[in-house]
Amino acid sequence: MRYFGDVYRPPSEARSLIIQVTYGCSHNTCAFCSMYKAKKFALRPLEEILEDFRMARKYYSHVEKVFLADGDALVRKAAELEIILDTVRELFPECKRVTCYASPSSIRIRTDEELQMLRAKGLTMVYMGLESGCDEILARMRKGHRAEEIVSMGQKVRKNGIALSVTAITGLGGPELLERHAWDTAAAFNDMNPEYIGMLTLMVEPGTPLFDWVKDGSFQLLTPAQVLQETELLVQALDSPGSVFRMNHASNYLSLRGTLNGDQEAMLATIRRAEQDLSSLKPEGWRAL
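Scoring rules and cut-offs
- Residues numbered from 1 in each chain as written.
- Predicted model: local features only at pLDDT ≥ 70, side-chain atom pairs only at ≥ 80, totals over all residues.
- Heavy atoms only, no water.
- Helix = DSSP H or I, 4+ residues; strand = E, 2+ residues; numbered from the N terminus.
- Rg over C-alpha atoms; globule rule 2.2 N^0.38 Å.
- Buried < 20%, exposed > 50% of the residue type's maximum accessible area, 1.4 Å probe, protein only.
- Pairing = 2+ DSSP bridges.
- Axes fitted to C-alpha atoms, helices over the stretch in contact; angles between N-to-C directions.
- Contact = heavy atoms within 4.5 Å.
- 1 Å grid on protein atoms, 1.4 Å probe; cavity = no way out; pocket = protein on both sides within 12 Å on 5 of 7 lines; lining within 4 Å.
- Points joined across faces, edges and corners; volume = space filled by probe spheres on them.
- Nonpolar A, V, L, I, M, F, W, Y, C, P; charged D, E, K, R; others polar.
- Core = buried A, V, L, I, M, F, W, Y, C linked by side-chain atoms within 4.5 Å.
- Phe/Tyr/Trp six-rings, centres within 6.5 Å; stacked < 30°, edge-to-face > 60°.
- Left-handed = near helix turned anticlockwise from the far one by under 90°.
- Expected span 1.5 Å × (residues − 1).
- Arc of directions from axis to C-beta.

A. Looking closely at the overall build of the protein chain. Along the backbone of the protein chain there are 10 helices and 10 strands. For a compact globule of 289 residues, the expected C-alpha radius of gyration is about 19 Å, and the protein chain comes in at 19 Å, within 12% of that figure. With the principal axes as the frame, the protein chain shows a C-alpha extent of 55 × 40 × 35 Å. Burial analysis of the protein chain (289 residues in total) assigns 51% to the buried set.

Here is the structure:
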């Protein structure tokens, strides 16, 4: 397989066959993210993609999961995605799951019929970044969408039979928007009721506008204690039955996992124990993206 630049994937795709079908991110202006700054967004030539899948079949005797990279594979034409998915099914009949990142913009351009077709062809789940349910935070972080639109696109994915995994970032609003970030983000999750909810904790990456804001003092990071406070408010406000909640990313100070709403009280108890003993948190130097 041939890869261009750095390749990123969700933690749950660690054992997946990763094939780039686009390069970079179609939005690529979020103030907190440096993932695709070294790449200009482009659609990879279709024949190259299919060649990589054929090469992979020669290398790997068993492939159960496929992740279509980079940052927004769903933006390709539906007919081209159909060819890609047909190729996966033909070459890897043992494959049980095909996933990709998706943005609100790429979901918006897909019709319900196209999404249903992609699900029928094997697109199992898409990953979408909410980041925050607070419009003030989304605007400052240059997400490019209001929370209402992100929620609507998440609902569209689920309505058409594709599983949805949504992530948000604790600390993204700083101390002044701590409560609104927690409550509005929980409300957005509740409205989408995704299969999976993932929480990261804000880390500042050099080369981003956020890095400059922290350096000049215009953005203040949360302390670990404030991260716990915000997390407790968010978990208290969640009402998304059946959603699998995970806060086990390398960026997190505290690891949480459970299924809503049944494990809510157990997760809150874990947070409250950590608030009483901050030494139980992951050391700052161990956090990573």
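The structure having been displayed, the exposition proceeds.
B. Spotlight on the sheet that holds strand S5 (residues 97-101). Pairing is mixed in the open sheet, where 8 strands are placed in the order S1-S4-S5-S6-S7-S8-S9-S10. Strands with a single pairing partner mark the edges of an open sheet, and in this sheet they are strand S1 (17-20) and strand S10 (256-259). Across the sheet, the axes of successive neighbouring strands diverge by a mean angle of 20°, strand direction being ignored. Strand contacts of helix H6 (residues 147-159): strand S6 (123-131) and strand S7 (163-170), with the helix running at about 170° to S6, the strand carrying the most contacts.

C. Quick look at empty space enclosed by the protein. In the structure shown here, the tally under the stated rule is 1 cavity of 30 Å³ or more. Taken as a whole, the largest cavity spans an internal volume of roughly 30 Å³. Taken together, Thr201, Val227, Leu228, Thr231, Met247, Tyr253 and Leu254 make up the full set of residues lining the largest cavity. Of all the elements, helix H9 (residues 224-237) adds the most residues to the lining of the largest cavity, at 3 residues. Residue composition of the lining of the largest cavity, by class: 5 nonpolar, 2 polar and no charged.

D. Quick peek at the nonpolar core. Grouped together as the largest cluster of nonpolar side chains are 65 residues, with contacts concentrated most on Phe53 and Phe245. Take this core: its biggest share by element is 6 residues, from helix H7 (residues 178-192). Counting 14 residues, the second-largest nonpolar core is a separate cluster that includes Met141, Ile169, Leu172 and Leu202.

E. Expanded view of the pairing of S10. By the alternation rule, side chains of S10 split into Leu256 and Gly258, which are all buried, and Arg257 and Thr259, of which none is buried. Here strand S9 (residues 244-247) runs beside S10; their pairing, made up of 4 bridges, is antiparallel. For Met247, the partnering residue across the bridge sits in S10 and is Leu256.

F. Representation of the environment of Ala250 within the structure. Note that Ala250 resides in the loop between S9 and S10. Residues Ala250 and Pro11, 239 residues apart in the sequence, show an inter-C-alpha distance of 9.2 Å. Not counting chain neighbours up to four residues away, the residues in contact with Ala250 comprise Lys282, Trp286, Arg287 and Ala288.

G. Focus on the packing of aromatic side chains. Tallying each qualifying case throughout the model produces 7 aromatic pairs. Ring centres of Tyr8 and Tyr36 lie 5.4 Å apart, and the angle between their planes is 85°; this geometry places the pair in the edge-to-face category. With Tyr8 in the segment before S1 and Tyr36 in the loop between strand S2 (22-23) and strand S3 (42-43), this pair connects stretches of sequence that are 28 residues apart. Residue classification places Tyr36 among the buried residues on the basis of a relative accessible area of 4%.

H. Spatial organisation of the packing of H7 against H9. Running from amino to carboxyl end, H7 crosses H9 at an angle of 35°, the nearest separation of the two axes being 8 Å. Here the hand of the crossing between H7 and H9 comes out right-handed. Between H7 and H9, the residues in contact are Leu178, Glu179, His181, Ala182, Trp183, Thr185, Ala186 and Asn190 and Gln226, Gln229, Glu230, Leu233, Leu234 and Ala237, respectively. Here the contact of H7 with H9 is built from residues that sort into 7 nonpolar, 5 polar and 2 charged.

I. A look at helix H10 (residues 264-276). Between the first and last C-alpha of H10 there are 19 Å, a value that for 13 residues agrees with the 18 Å anticipated at 1.5 Å per step. Every buried residue of H10 is accounted for by Gln264, Met267, Leu268, Ile271 and Ala274. Taken around the axis of H10, the buried residues stretch over an arc of 120°, which confines them to a single face. Residues of H10 that are exposed and angled more than 90 degrees away from the buried face: Glu265, Arg273 and Gln276. Check the buried side of H10 and you find it contacts H9, S9 and S10.

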